[in-house]
Amino acid sequence: MTDKIPLLIDTDPGVDDALALLLAFDDDRHDVVGLTIAAGNVGLRHTVGNALKLCEVAGRGDVPVFAGSASPLLHAAPDAAYVHGEDGFGDVGYAPALRAAEPEHAALAILRLSHEHAGRLVLAALGPLTNIALALKLDPTLPSRVSRFVAMSGAVTGQGNITPSAEFNAYFDPEAAAIVFDAFPRFDLCDWEATVAHGLPHDAVVEWMSGGGPIGGFYEEISRKTREWSADRRGDDWHSADALTMAWLLEPEGALEMQERPLEVVLEHGPRRGMTMVDWQRREGSARILMGYDIARFHARVRRVLSR
């Protein structure tokens with residue numbers, strides 16, 4: 001038994017996820033006990049390969065990687081290859097990692113690790129919630145063994161990034177999001193609108209990476225396409241939703257404002273599909289929504305890992 005907090009990360013790397021994983025690997029208070037991988041930003045073959053490669057580059061071959069769902073629970077959804085590259089890592093043609101994923105399915109690994117670290121496990125969801133929904137269908141008691149669940153999902157006032165009203169992770173598999181959010185009596189939510197309010201200055205990010213070593217160099221290469229896409233459309237700041245989510249998870253004391261509210265995911269097909277509807281009139285609910293985070297603390301953490 002270690003004094004570190006066991007951290008299980010469900011993810012779909014993706015450049016955004018990659019930065020969040022680097023933050024987690026760099027943290028002294030948490031022990032990453034596994035990565036469970038879903039399709040999302042790109043297809044499962046690429047997201048698994050990207051997770052394995054990032055572990056290799058970061059010197060974390062000890063972190064097991066588990067492949068999970070290759071598609072949403074019910075309905076097909078578009079990926080985000082136009083942002084992250086066809087392979088999710090900027091199409092730079094990196095050499096594949098030397099090791100393979102574990103044979104255990106991600107949903108089963110989530111359940112097993114929740115038993116091994118019962119009452120202490122922190123569960124982070126950085127991508128679509130398909131794997132966690134599958135785990136809940138197999139064992140609805142999962143939330144009772146998780147000490148904290150933190151999700152990057154949603155757009156709490158309906159200003160989305162994949163449709164006018166929906167954020168990508170919630171839109172990719174809204175049925176899974178509904179299952180997961182209904183199952184956890186309390187969870188932390190970092191949404192797209194918090195992301196937009198906590199940008200990373202493009203010029204500063206480039207400076208941090210240029211002064212770094214192998215990790216910063218690798219990240220500069222795989223993130224270049226995404227950063228250029230963002231600079232062309234979103235101005236002076238680059239936005240990393242998963243990195244902000246991970247910063248809040250690792251340093252919850254950095255939160256400046258949170259609101260607890262009920263939340264519902266729209267499942268109907270049409271322009272509102274995947275929208276996360278928040279009842280702002282009620283003063284309590286299962287979702288603890290991040291409204292403000294210490295941006296200097298966030299920038300310092302990102303700067304430190306990209307300078308390596």
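Residues numbered from 1 in each chain as written. Predicted model: local features only at pLDDT ≥ 70, side-chain atom pairs only at ≥ 80, totals over all residues. Heavy atoms only, no water.

## Some details on the pattern of salt bridges
So, point 1. Here the structure, examined in full by the defined rule, presents 20 salt bridges.
So, point 2. Salt-bridge contacts for Glu251 lead to Arg301; the nearest nitrogen and oxygen are separated by 3.0 Å. Residue Glu251 is located in the loop between helix H11 (241–250) and strand E9 (255–261), and its partner Arg301 is located in helix H12 (residues 295–306); the two are separated by 50 residues in the primary sequence. Judged on exposure class, the residue Glu251 and its partner Arg301 are both buried.
So, point 3. Taken together, the shared-partner salt bridges in this structure form one network comprising Asp27, Glu251, Asp294, Arg297 and Arg301. (Salt bridge = Lys/Arg side-chain N within 4 Å of Asp/Glu carboxyl O. Helix = DSSP H or I, 4+ residues; strand = E, 2+ residues; numbered from the N terminus. Buried < 20%, exposed > 50% of the residue type's maximum accessible area, 1.4 Å probe, protein only.)

## Here's the deal with the pairing of strand E2 (residues 30–37)
So, point 1. For E2, a buried count of 7 out of 8 residues is recorded, marking the element as mostly surrounded by other parts of the structure.
So, point 2. Bridging between strand E1 (residues 5–11) and E2 involves 7 bridges; their strand directions are parallel. The residue bridging Leu7 from the neighbouring strand is Val32, located in E2.
So, point 3. Crossover connection from E1 via helix H1 (residues 15–25) to parallel E2: handedness right-handed.
So, point 4. As judged from the 3 bridges shared by E2 and strand E3 (residues 65–67), these two strands associate in the parallel manner. Bridge assignment links Ile37 to a residue of E3, and that residue is Ala67.
So, point 5. On the question of chirality, the crossover connecting E2 to the parallel E3 by way of helix H2 (residues 44–57) is right-handed. (Pairing = 2+ DSSP bridges. Right-handed = clockwise from strand over helix to strand, strands pointing away.)

## What to know about the sheet that holds E1
So, point 1. Taking strand neighbours across the sheet as the criterion, the 8 strands line up as E3-E2-E1-E4-E5-E6-E12-E9 in an open arrangement whose pairing is mixed. Unpaired on one side and paired on the other, E3 and E9 mark the two borders of the sheet. Neighbour-to-neighbour, the strand axes of the sheet open up by a mean angle of 25 degrees, direction not taken into account.
So, point 2. Looking at chain direction, strand E5 (residues 146–152) and strand E6 (residues 187–190) are connected through 3 bridges and run parallel. If you follow Ala151 over to E6, its bridge partner there is Leu189.
So, point 3. Together, E1, E2, strand E4 (121–125), E5, E6, E9 and strand E12 (287–293) form the strand contacts of H11, whose direction differs from that of E5 by roughly 155 degrees. (Axes fitted to C-alpha atoms, helices over the stretch in contact; angles between N-to-C directions. Contact = heavy atoms within 4.5 Å.)

## Observations concerning the side chain of Asp10
So, point 1. Within the secondary structure layout, Asp10 lies in strand E1.
So, point 2. For the buried Asp10, no salt bridge exists, and the shortest N-O distance to an oppositely charged side chain is 13 Å, to Arg112.
So, point 3. If sequence neighbours within four positions are ignored, Asp10 has contacts with Thr36, Ile37, Ile110, Ala124, Ala125, Leu126, Gly127, Pro128, Asn131 and Ile132. (Lys, Arg positive; Asp, Glu negative; His and termini not counted.)

## Section: helix H9 (residues 202–210)
So, point 1. The set of residues buried in H9 consists of His202, Ala204, Val205, Trp208 and Met209. Buried positions in H9, seen along its axis, are confined to an arc of 165 degrees and lie on one side of it. In H9, the exposed positions that point more than 90 degrees away from the buried face belong to Asp203, Glu207 and Ser210. (Arc of directions from axis to C-beta.)

## Section: the packing of aromatic side chains
So, point 1. By the definition in use, this model includes 8 aromatic pairs.
So, point 2. Measuring from ring centre to ring centre gives 6.2 Å for Phe89 and Phe218, while their planes differ by 75 degrees; the resulting arrangement is edge-to-face. Residue Phe89 is located in the loop between helix H3 (81–84) and helix H4 (106–116), and its partner Phe218 is located in helix H10 (residues 214–234); the two are separated by 129 residues in the primary sequence. Each member of the pair Phe89 and Phe218 is classed as buried.
So, point 3. With a centroid separation of 5.8 Å and an interplanar angle of 40 degrees, the aromatic rings of Phe168 and Phe172 are classed as tilted. Taken together, the residues Phe168 and Phe172, both in helix H6 (residues 168–172) and 4 residues apart, mark about one turn of the helix. Pair check on accessibility: Phe168 and Phe172 agree, each one buried. (Phe/Tyr/Trp six-rings, centres within 6.5 Å; stacked < 30°, edge-to-face > 60°.)

## Details of the pairing of E6
So, point 1. Going residue by residue along E6, you find Phe187 and Leu189 tucked away on one face and Asp188 and Cys190 tucked away on the opposite face as well.
So, point 2. As paired elements, E6 and E12 share 3 bridges and run parallel to each other. By the bridge assignment, Asp188 is partnered in E12 with Arg288.

## Observations concerning unusual backbone geometry
So, point 1. That bond from Pro13 to Gly14 is cis: its omega, -10 degrees, falls within 30 degrees of zero.
So, point 2. The phi angle at Asp91 is positive, at roughly 55 degrees, despite the residue not being glycine.
So, point 3. Structurally, Asp91 is set in the loop between H3 and H4.

From the geometry alone we can't say anything about function, so treat these as descriptive.
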